[in-house]
Each structure stands twice: as structure tokens, then as C-alpha cells.
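Here's the letter readout for the chains.
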Amino acid sequence: MHTPPPIDQSVLRQTFGVFPTGVTVMTTTGTAGAPVGLTVNSFNSVSLDPPLIVWSLSRRSGSLRAFQAAEHFAVNILAADQSPVSRRFASRVPDKFRGIPFQPGEHGSPLLDGCAAWIECMTWSMQPTGDHVLFIGRVESVRLGGRPPLLFVGGQYHDVGAVLG
Ligand SMILES: Cc1cc2nc3c(=O)[nH]c(=O)nc-3n(C[C@H](O)[C@H](O)[C@H](O)COP(=O)(O)O)c2cc1C
């Protein structure tokens, strides 16, 4: 099989980063019952019928085992003023949920206060893919928060309100 020449990792990151995304915090409940979550921008919609979404989780993530063991998870779509929440959940602080208000969803996954929208999912499939695991979720419930979303592009956060004028 033909192997393409290696691509410089920093150029690859920079190139992927040109594509603007929203920002989510994926949450679930760990095996010991503690809340688990991390910042994710690989989220996307896949299918309307059945309703499916996708995201990818690094194999190096400390949250990997919890998401692999859980049958449910929640997608918290961050609002424009939640870049501090994104930074917190992208860090490896021991208790990411400290001082972050949330309510448990239908199956216990944390729903963070103040988001643009929330999507509760059942894990439909998990597929190891490169250095990530691809998660497909079947949407079980959705709720809109009525707030504009946070945007992420070029490694920076942006307020969609400012972009749309
Ligand atoms: C904007 C943004 C998007 C990110 N998207 C992803 C992603 O899609 N998948 C992933 O595994 N990590 C992603 N990360 C990195 C994780 O949030 C980060 O590695 C986090 O520390 C993982 O936490 P954990 O090791 O406790 O699971 C993203 C980080 C940022 C700032």
C-alpha cells in the first residue's frame, strides 16, 4: 500500500484549526458516580432519522475509560460567554466541576448551567480511529438555552454575536 509522506504535526493542527467550530463540553458519570467532562470541538450532527451525532475522544484522554464504560453522555453546547468553562474543561485540574453549576440529566450526565443548548445521548457505537475513539451518540432529548453559541477558530474563542453584528 502506498504510504503518503508524513505531514508536519504543527502545520496539520494549524490547518484543522482554520475550520471554525462551536465548542462543547461532553459529560458523563464515572464508574464511581463522579461527574466527568472535557472540552470537545470534534462534535457534529450525523443523521436526523435516526437522530445521531459524532465526536472523537483522544486515546490519551483521562476521561476515556469513563466514556467507554458509560451508556449515556451529554453534549453541552457552550454559550458565547462560556470560554472560561471551555478552558476549565480543557485542563487537567483534578476537580473540573468545582464551582461549575450543573443539573443531572435524565441518566445522570451533568448538564452545565448557562449553555446555548443541551443534547442527551445514548452511546450508539465506539470505533477506535487513529489516535482517537469515534463516538456516535443516539439523541434521546434536546433542549435550547436561548443563548448565542461560543465560536472557536484559529485557536481563539469568538462571540458569534460580534461576528453576526
Ligand atoms: C477548543 C478545544 C477543543 C477540543 N476538542 C477535543 C476533541 O474533540 N477531542 C478530544 O479528545 N480533546 C479535545 N480537546 C482537548 C481536551 O479538552 C483536553 O485534552 C482535556 O484536558 C482532556 O481532559 P481529560 O484528560 O480529563 O479527559 C479540545 C480542547 C479545546 C480547547
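What counts and what doesn't
Residues numbered from 1 in each chain as written. Predicted model: local features only at pLDDT ≥ 70, side-chain atom pairs only at ≥ 80, totals over all residues. Heavy atoms only, no water. 1 Å grid on protein atoms, 1.4 Å probe; cavity = no way out; pocket = protein on both sides within 12 Å on 5 of 7 lines; lining within 4 Å. Points joined across faces, edges and corners; volume = space filled by probe spheres on them. Helix = DSSP H or I, 4+ residues; strand = E, 2+ residues; numbered from the N terminus. Phe/Tyr/Trp six-rings, centres within 6.5 Å; stacked < 30°, edge-to-face > 60°. Buried < 20%, exposed > 50% of the residue type's maximum accessible area, 1.4 Å probe, protein only. Near = heavy atom within 4 Å. Polar contact = N/O pair within 3.5 Å; in protein donor to acceptor, adjacent residues only side chain to side chain. Areas by Shrake-Rupley, 256 points an atom, 1.4 Å probe, with all protein chains shown as cover. Sits in = over half its atoms within 2 Å of the grid points. Nonpolar A, V, L, I, M, F, W, Y, C, P; charged D, E, K, R; others polar. Contact = heavy atoms within 4.5 Å.

Caption draft 1: Geometry of the layout of surface pockets. In this structure, the largest pocket spans a volume of roughly 1900 Å³. Around the largest pocket, the lining comprises 50 residues; the ones closest to its centre are Arg-13, Thr-39, Asn-41, Ser-56 and His-132. Breaking the lining of the largest pocket down by element, the ones donating at least two residues are α1 (9-16), β1 (21-22), β3 (35-40), β5 (52-58), α3 (83-89) and β11 (150-153).

Caption draft 2: Inspection of the packing of aromatic side chains at higher detail. Applying the stated criterion across every chain, the model contains 7 aromatic pairs. Ring geometry for Trp-55 against Phe-67: centres 5.1 Å apart, planes inclined by 75 degrees, an arrangement best described as edge-to-face. Remark: Phe-67 occurs in helix α2 (residues 64-69) and Trp-55 occurs in strand β5; sequence separation between them is 12 residues. Take Trp-55 and Phe-67: they sit in the same class, and that class is buried. With a centroid separation of 5.0 Å and 55 degrees between ring planes, the pair formed by Phe-152 and Tyr-157 is classed as tilted.

Caption draft 3: Region of the structure containing the site of the ligand. The immediate surroundings of the ligand are formed by 19 residues, with Thr-39, Ser-42, Ser-58, Ser-61 and Ser-63 found nearest. Between Ser-63 and the ligand, the recorded distance is 2.4 Å, taken from a side-chain N or O atom to an oxygen atom. Contact with the protein chains covers 79% of the free accessible surface of the ligand, which is 650 Å². Here the ligand occupies the largest pocket. Elements supplying a minimum of two residues to the shell around the ligand: β3 and β5. When grouped by side-chain class, the residues that make up the shell around the ligand number 7 nonpolar, 10 polar and 2 charged.

Caption draft 4: Summary view of the side chain of Thr-27. Inspection of the secondary structure assignment puts Thr-27 in strand β2 (residues 24-29). A residue is classified by how much of its surface remains accessible, and Thr-27, at 0% relative accessible area, is buried. For Thr-27, the side chain forms a polar contact with the side chain of Asn-76, separated by 3.3 Å. Not counting residues up to four positions away in its chain, the partners in contact with Thr-27 are Val-36, Gly-37, Phe-67, Phe-73, Ala-74, Asn-76, Phe-97, Ser-109 and Pro-110.

Caption draft 5: Broad picture of unusual backbone geometry. A cis amide bond, omega 5 degrees, links Asp-49 with the succeeding residue Pro-50. Here Pro-50 is to be found in the loop between β4 (44-47) and β5.

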